[in-house]
Amino acid sequence: GESVGLHLPTLSVQEGDNSIINCAYSNSASDYFIWYKQESGKGPQFIIDIRSNMDKRQGQRVTVLLNKTVKHLSLQIAATQPGDSAVYFCAENWGTGRRALTFGSGTRLQVQP
Amino acid sequence: NAGVTQTPKFRVLKTGQSMTLLCAQDMNHEYMYWYRQDPGMGLRLIHYSVGEGTTAKGEVPDGYNVSRLKKQNFLLGLESAAPSQTSVYFCASSGTYTDTQYFGPGTRLTVL
């Protein structure tokens, strides 16, 4: 089946820099996208989500951009902090009414002090 | 408000043994899910439930069974454990009017 994927498995940034984590999706029927943060030994933690009728959504220090033309999703983290170090997953809902998410394989963000 | 809780946190089984993982949520959510996460991979859906008394198969259902006898609980069973089922298992829940899923802390299962 169609799946969500990530361009970079590991991203290393300096503290204070902005981080951009990318995600490609292939199912044009997906109508909902979500980013999760997972720290070592913990469950995924909700960061931000976006519906397909939007192209940008902002949260606290985070922004999600959706480009439906090229089926691309990105997570921007402003002023990256050491506490942002984790694995980040994008996930999509295929809009079939199933309500279940399909996850990408994850990107590890390493913040260098 | 504890959110989503899972028991046990860790478990070691021998091949062929059975066990049940318990997930509980106190958010009155209709939807509940079981995922497994293998090293270096994203989460894969095993089974899910859209309400009390209903269950459905996900992406990787073989070797697992589930039950949703009460709205707040979702049980995952392994009838005859295999080494391939060594993984971290996550439970999640979501409400009727939102797709946002809230996850538990996970259960690390090792099958020898």
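Reading the values: the criteria
Residues numbered from 1 in each chain as written. Chains lettered and ligands numbered in written order. Predicted model: local features only at pLDDT ≥ 70, side-chain atom pairs only at ≥ 80, totals over all residues. Heavy atoms only, no water. Helix = DSSP H or I, 4+ residues; strand = E, 2+ residues; numbered from the N terminus. Buried < 20%, exposed > 50% of the residue type's maximum accessible area, 1.4 Å probe, protein only. Contact = heavy atoms within 4.5 Å. Areas by Shrake-Rupley, 256 points an atom, 1.4 Å probe, with all protein chains shown as cover. Phe/Tyr/Trp six-rings, centres within 6.5 Å; stacked < 30°, edge-to-face > 60°. Buried area = accessible area lost by both parts, 1.4 Å probe. Salt bridge = Lys/Arg side-chain N within 4 Å of Asp/Glu carboxyl O. Polar contact = N/O pair within 3.5 Å; in protein donor to acceptor, adjacent residues only side chain to side chain. Nonpolar A, V, L, I, M, F, W, Y, C, P; charged D, E, K, R; others polar. Disulfide = S-S within 2.5 Å. Pairing = 2+ DSSP bridges. Axes fitted to C-alpha atoms, helices over the stretch in contact; angles between N-to-C directions.

A. Inspection of the overall build of chain A at higher detail. Across its full length, chain A holds 0 helices and 11 strands. For chain A, the α and β elements follow one another from N to C terminus as β-β-β-β-β-β-β-β-β-β-β. In chain A, which comprises 113 residues, the proportion classed as buried is 44%. Summarising the internal contacts of chain A: among those between residues at least 6 apart in sequence, 53% fall at separations of at least 24. Carbon and sulfur atoms make up 45% of the accessible area of chain A, which amounts to about 5400 Å² in all.

B. Broad picture of the environment of L22 of chain B. Residues and elements named next belong to chain B. Mapped onto the elements, L22 comes out in strand 3 (residues 19–25). In the structure, L22 is positioned 54 residues away from L76 in sequence and 6.6 Å away in space, judged by C-alpha atoms. Here L22 is in contact with T5, Q6, T7, W34, N73, F74 and L75, once residues within four sequence places are set aside.

C. Highlighting the packing of aromatic side chains. Scanning all chains against the criterion turns up 9 aromatic pairs over all chains. Ring centres of Y36 of chain A and F103 of chain B lie 5.2 Å apart, and the angle between their planes is 85°; this geometry places the pair in the edge-to-face category. Of this pair, Y36 of chain A sits in strand 4 (residues 32–38) while F103 of chain B is found in strand 10 (residues 102–103), placing the two residues in two different chains. The residues Y36 of chain A and F103 of chain B share a single accessibility class, namely buried. Considering the side-chain rings of F103 of chain A and F103 of chain B, the 6.0 Å spacing of their centres and the 80° angle between planes classify their relative orientation as edge-to-face. Here F103 of chain A, found in strand 10 (residues 101–103), pairs with F103 of chain B, found in strand 10, and the two come from separate chains. On the basis of relative accessible area, F103 of chain B is assigned to the buried category, the value being 12%.

D. Spatial organisation of the interface of chain B and chain A. Contacts between the two partners involve 22 residues from chain B, matched on the other side by 20 residues from chain A. A buried area of about 1600 Å², summed over both sides, lies between chain B and chain A, and 51% of it is on carbon and sulfur atoms. It is L43, D99 and F103 of chain B that lose the most area in chain B upon contact with chain A, and together they represent 33% of the buried surface on that side. On the surface where chain B and chain A come into contact, there are 1 salt bridge. Among the salt bridges present, the one from D99 of chain B reaches R51 of chain A, with a minimum N-O distance of 2.8 Å. At the boundary of chain B with chain A, the tally comes to 6 residue pairs in polar contact (both at pLDDT 80 or more). Tallied by class, the residues present in the side of chain B that touches chain A amount to 11 nonpolar, 10 polar and 1 charged.

E. Quick peek at the state of the cysteines. For the structure shown, the criterion picks out 2 disulfides over all chains. Shown here is the disulfide that connects C23 of chain A with C90 of chain A, its sulfur atoms set 1.9 Å apart. On the sign convention where negative means left-handed, the S-S torsion of about 55° between C23 of chain A and C90 of chain A marks this disulfide as right-handed. Residue C23 of chain A is found in strand 3 (residues 19–25), and its partner C90 of chain A is found in strand 9 (residues 86–93); the two are separated by 67 residues along the sequence. Across this residue pair, the class does not change: C23 of chain A and C90 of chain A are buried. Through a disulfide, C23 of chain B is tied to C91 of chain B; the S-S separation comes to 1.9 Å. Around the S-S axis, the bridge from C23 of chain B to C91 of chain B shows a dihedral of about -75° and counts as left-handed. Here C23 of chain B, found in strand 3, pairs with C91 of chain B, found in strand 9 (residues 87–94); they are 68 residues apart in sequence, far enough to count as distant. The class of C91 of chain B is buried, set by a relative accessible area of 0%.

F. Structural detail: the sheet that holds strand 3 of chain B. Residues and elements named next belong to chain B. With respect to topology, 4 strands assemble into an open sheet ordered 1-3-8-7, the strand pairing being antiparallel. Every other strand in the sheet has two partners, leaving strand 1 (4–7) and strand 7 (65–67) as the edge strands with one partner each. Here the strands of the sheet are splayed against their neighbours by 20° on average, with no regard to which way each runs. Of the pairings in the sheet, the one linking strand 3 to strand 8 (residues 73–78) comprises 6 bridges and is antiparallel in character. Paired with A24 across the bridge in strand 8 is N73.

Geometric values such as these leave the question of function open.
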